[in-house]
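Structural features, examined
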Protein chains: 2
Amino acid sequence: MKPVKVGLLGLGTVGTGVVRILEGHQDDLQSQVGSPIVIEKVLVQNKEKARAVQIDPEKLTDDPWDIIHNPEIDVVVEVMGGLEHTKEYILEALSRGKHIVTANKDLIALYGPEILAKARENRCDVLYEASVAGGIPILRTLVEGFSSDRITKIMGIVNGTTNYILTKMSQEGASYEEVLKEAQQLGYAEADPTSDVEGLDAARKMTILATLGFRTNVALKDVDVKGITAVTKEDIQYAKRLGYEIKLLGIAERQDDQFCVSVQPTMVSRTHPIAAVNGVFNAVYVHGEAVGETMFYGAGAGEMPTATSVVADIVAVVKNLRLGVNGQQGITAYKELKPKADEQIASKYFLLLHVQDRAGVLAQITQVFAEYEVSLESVVQQPNPHNPEAEIIIITHDANKAAMTKVVEAFKSLEVIRQVKSVYRVEG
Amino acid sequence: MKPVKVGLLGLGTVGTGVVRILEGHQDDLQSQVGSPIVIEKVLVQNKEKARAVQIDPEKLTDDPWDIIHNPEIDVVVEVMGGLEHTKEYILEALSRGKHIVTANKDLIALYGPEILAKARENRCDVLYEASVAGGIPILRTLVEGFSSDRITKIMGIVNGTTNYILTKMSQEGASYEEVLKEAQQLGYAEADPTSDVEGLDAARKMTILATLGFRTNVALKDVDVKGITAVTKEDIQYAKRLGYEIKLLGIAERQDDQFCVSVQPTMVSRTHPIAAVNGVFNAVYVHGEAVGETMFYGAGAGEMPTATSVVADIVAVVKNLRLGVNGQQGITAYKELKPKADEQIASKYFLLLHVQDRAGVLAQITQVFAEYEVSLESVVQQPNPHNPEAEIIIITHDANKAAMTKVVEAFKSLEVIRQVKSVYRVEG
C-alpha cells in the first residue's frame, strides 16, 4: 500500500514526541498497518528556530493552508492548541476529506458535536484520545471496552498540575502559594495557572469523558466547577486526620436519563484507590452497572505519553484507510440525557465551622441541618487552640446539593457561627 | 439491518451474565451496532435444570453441533471452558464462517496461533478480551491503545484466588492453609485449587498478555511458573517489615529481540501501585518506552464483569459485520522474539537464611555471592528467637537468574547454612 501522508499542525512538546515515535517506531507501525506513515508537512510559527528533532527544512511551513489545502495529505494531526482558528482549519480539512487526530481538549469539549457531524458528513475519522489523561487510553476504553455496559460513575484526577500541588501540600504540609510557586519553577504549572488551578482544564476533560461514558452530549456549561485556590494546609491536615486526602476530582454521575458533572476539591477516603494517585499522575475511575469498579492510571501529560496516544489514533485512522471504513464508526453520543437539578445531586459533605464557645451552639446548628433534612454521620466539637472559639467538624450522610447550599447560606446569618471555614464533597 | 444471531456454548456463571446483558442492554447495543443481537441457541449439559435467567426452552440444546452447524448463527460465544473438544468446535465453526468470542484462556494460551490462523483463512473474527483479567479491557488496550509504543514490561495480578489468599495472609497474619480453607468455603477457591495456587492459571493469562504486548507468539512452555503454596506467614511478616507485600506476580519483560515471562510469588515494594491491589481484584501494570508507567485495575472474574468483556467483543464483531471487515484486523503477533536464557534475566532477590550462630558465617556466605558475581544491596544478621541459630536477610542488587540458582545450590552444601528458608524475586 502506498505511504500514508501526515500533516502536523504544531511542533511543540507533543508534536516533537509524535515525530520521534513516527520515526523511531516506523517498522512496528508498518507491520501493523501495512504501509509507511510519513510526515509530509509541519506547521511551525518560526521556520528558523532550532528543533529537538531533525526535520527536512523543506517540510516546514508557517502557513496552515499549506497543510489543509494540500491534496497529498491524508491525515491532519493537530497538536497546536487554540480554539477558533484551529476549529476553522479542522472543519476545512474535513471538508476536503482529511482525517483528524487531535490532542485539543478545549476544541473537543466546546465544538465536539459540530466537528464530529462534519466528519460523518465527509466520511472522515476524528480521533482525540490524547485530549484526556495523556497516556491513558481511556476514551477507547469507554467507547469500546465498556460498549456493553451502562456506566454510572466516572471520577477523574485529570489535571496533573493540581494533583502535584495537592500531593505536595499533603506530603510536606506546605501552603498552596508555596507549592504553586515551586511548581511554576519546575515547569509543572504555567506562569498563568488559572486554567489548571480553577478547574477549567479538568472540566473540559470531564465533558469529554462524560459524553463518551454516558453516550450523550454533555456541554461544558453543564459542568459545575470549583478550583483548588481556597484549599488550605489546615484543610488537608483535617482530612488526613479523618482518613482522607483532598484531591481535585472530576465527578460524573448518571442515573436513569439524567446526569451531573462537577469538578471540585473533594475529600477522598484513603480506602479508595484514587486517593493514592499522587504527583503529576492521572487516573480515571469508572463504575459500570455490570463491570463494577475499575481504574486506569498513568501519565496525564508530557511529550512521549501524550504522543503515544496521538500516534495510536493515527494507527487507527490508517487501519480504517486500509479497510476503507473511515468515518463509519457510528455515533458515540446517541442518548438524550438531561442534567440533574441541584435537588437531585446527592453526596456526603465535610464542613468545618468556627463557632462561639458557649452552650446551645450545637443545638442551633443541628437545628438548621434538620430544617433542610440533611442528616449527619458525625459531629465533633473541639476547642480551637488559637482562638476563643470552638471548631465543629461535621460529616453529613448523603445530602442533596440544593439543601447544602441552603444550609451554608443559613449558617451565614446564624450569630453563633463566626465562619463557615470549609465545605468539601466527600467520596469513597 | 437484520438481527445478528448468537449461539452460546455454555450457560454457567459467565454465560448467564452474557444473557443478562444481551437482554437488559438490548436498546443500547442496538443504538451502537444498528441491529438487534439475539440469542438463537444455547448449549447446556442438562436441558431440564432450573436456570437463573429465563430462556425459551426451544433455544436450549445439549448438542454442540446444533450451534456449530446452524447456518442461522453468525457469532459463536464460547463460555463453556474445556480444551480439546472446545478447540474442535471452534475450528469447525470458523471453517463455516462463524465469528468467535471466547473467555477461554487455556484454549487461547495453548492454541491461539492455530485458531487465529484458521480465522484469517476464513475471514472471521476471534476475540477473547474476557480470557484475561475479566472486566478489565486490557487486551484491546495493549493492541490498540498502545499500538504506537514498544512495551517493555507487563506485571499482572491476574489470579483473584491467590491474591485473595495472600491479602488475607497479610492482613490477618493467617497461614496459607487456613486462608485456603476459608476461600474454598466462600467459593473464592475451587475444591481442587491446583490451577490457581500453583500459578498455572496466571501463566496462561501471562502468555496471552505477553503475546499481545510484545507482538510475538509467546508459548505457555516459555513461562517459568511457581505457585504460592510455599509462602509462609513468616515470609509475609518479613516482607511487611521491610516495606513489601508478597504478591503472585506474572512478569513479562522485553529487551531488544528477547523476552522472558514468569509467574512467582514476588516481594513488591509498597511504593509500587500494584502492591495495593487487594482481595479478588486484578491489575495489570504496563510499562512502555514512550508512555512510561500505566496500570489498569478491576474485577478479574465474576459473572457480570466477565460478561461485560464478552459482550463488548460481540459488539466489536457486529460492528465489523456491519462494515464488512471481519477477520481483517491484521496480525497482532508479527515479531520474531526469542525467550531469554536464565543468564540474561535480571532482578533483585530477597533471601532468608537460617545459619549457625558463630564467627565467620557471614564471610563464607558473602564469599559465595562474590564467586557468582552477585552484589548485595543489604545484609541483616539477627539472632533467631526460637532457635540456637541466626537469621540472615539479604537483598541483592540486580542479579541474573542463573547465578542466583547457583548461589542457592552452593548454599545447600555450605555447612554453616542450616536452611535456605526463602528466596523471592523483588520488584519496585
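Quick note: structure is the one above.
What this report covers is the structure whose coordinates are included nearby.

Cut-offs used in this document
- Residues numbered from 1 in each chain as written.
- Chains lettered and ligands numbered in written order.
- Predicted model: local features only at pLDDT ≥ 70, side-chain atom pairs only at ≥ 80, totals over all residues.
- Heavy atoms only, no water.
- Helix = DSSP H or I, 4+ residues; strand = E, 2+ residues; numbered from the N terminus.
- Polar contact = N/O pair within 3.5 Å; in protein donor to acceptor, adjacent residues only side chain to side chain.
- Buried < 20%, exposed > 50% of the residue type's maximum accessible area, 1.4 Å probe, protein only.
- Pairing = 2+ DSSP bridges.
- 1 Å grid on protein atoms, 1.4 Å probe; cavity = no way out; pocket = protein on both sides within 12 Å on 5 of 7 lines; lining within 4 Å.
- Points joined across faces, edges and corners; volume = space filled by probe spheres on them.
- Nonpolar A, V, L, I, M, F, W, Y, C, P; charged D, E, K, R; others polar.
- Contact = heavy atoms within 4.5 Å.
- Salt bridge = Lys/Arg side-chain N within 4 Å of Asp/Glu carboxyl O.

This brings us to the environment of A:Glu129. Residue and element names in this part refer to chain A. Along the polypeptide, glutamate 129 turns up in the loop between β6 (126-127) and α6 (138-145). Residues glutamate 129 and glycine 330 lie 201 residues apart in sequence; the distance between their C-alpha atoms is 17 Å. Engagement of the side chain of glutamate 129 in a polar contact is seen with the backbone nitrogen of leucine 139, the distance being 2.9 Å. Engagement of the side chain of glutamate 129 in a polar contact is seen with the backbone nitrogen of arginine 140, the distance being 3.0 Å.

Our focus in this paragraph is the environment of B:Met304. All names here are of chain B. By the secondary structure assignment, methionine 304 is in helix α12 (residues 303-323). Given the relative accessible area of 23%, methionine 304 is considered partly exposed. Distance from methionine 304 to lysine 59, taken between C-alpha atoms, is 22 Å for residues 245 residues apart in sequence.

Turning next to the pairing of strand β4 (residues 75-78) of chain A. Residue and element names in this part refer to chain A. By the alternation rule, side chains of β4 split into Val75 and Val77 and Val76 and Glu78, which are all buried. Strand direction decides the pairing type here: strand β1 (residues 4-9) and β4, joined by 4 bridges, are parallel. Paired with leucine 9 across the bridge in β4 is glutamate 78. With 4 bridges joining them, β4 and strand β5 (residues 99-102) adopt parallel strand pairing. Bridge assignment links valine 76 to a residue of β5, and that residue is isoleucine 100.

As a further point, take the layout of surface pockets. Using a probe with the size of a water molecule, rolled over the atoms, empty space left in the structure can be pinpointed. All names here are of chain A. Considering only enclosed or pocket space, the second largest pocket measures out at about 1,400 Å³ in volume. What lines the second largest pocket is a set of 49 residues, among which Thr13, Val14, Lys105, Glu190 and Ala301 lie closest to the centre. Elements that contribute at least two residues to the lining of the second largest pocket include exactly α1 (13-24), α5 (105-121), α7 (160-172), α9 (194-197) and α10 (200-214). Partitioning the lining of the second largest pocket into residue classes produces 17 nonpolar, 20 polar and 12 charged.

Our focus in this paragraph is the sheet that holds β4(A). Residue and element names in this part refer to chain A. Taken in spatial order, the 6 strands make up an open sheet running β3-β2-β1-β4-β5-β6, and their pairing is parallel. Strand pairing shows two members of the sheet lacking a second neighbour, β3 (60-61) and β6, which therefore form its edges. In this sheet, β3 lies alongside strand β2 (residues 37-43) in parallel orientation, the contact comprising 2 bridges. Bridge pairing in β3 places leucine 43 opposite threonine 61.

Another aspect to go through is the interface of chain A and chain B. In this complex, chain A contributes 47 residues to the contact, which on the side of chain B involves 48 residues. The interface formed by chain A and chain B contains 4 salt bridges. Where chain A touches chain B, the interface holds 20 residue pairs in polar contact (both at pLDDT 80 or more). Counting only elements with at least two residues in the side of chain A that touches chain B, the list comes to α1, α2 (26-33), α6, β12 (292-299) and α12 (303-323) of chain A. Here the side of chain A that touches chain B gets 9 residues from one element, more than from any other, and that element is α12(A). Per-class residue counts for the side of chain A that touches chain B are 21 nonpolar, 15 polar and 11 charged. Looking at chain direction, β12(A) and strand β12 (residues 292-299) of chain B are connected through 5 bridges and run antiparallel. If you follow A:Met295 over to β12(B), its bridge partner there is B:Tyr297.

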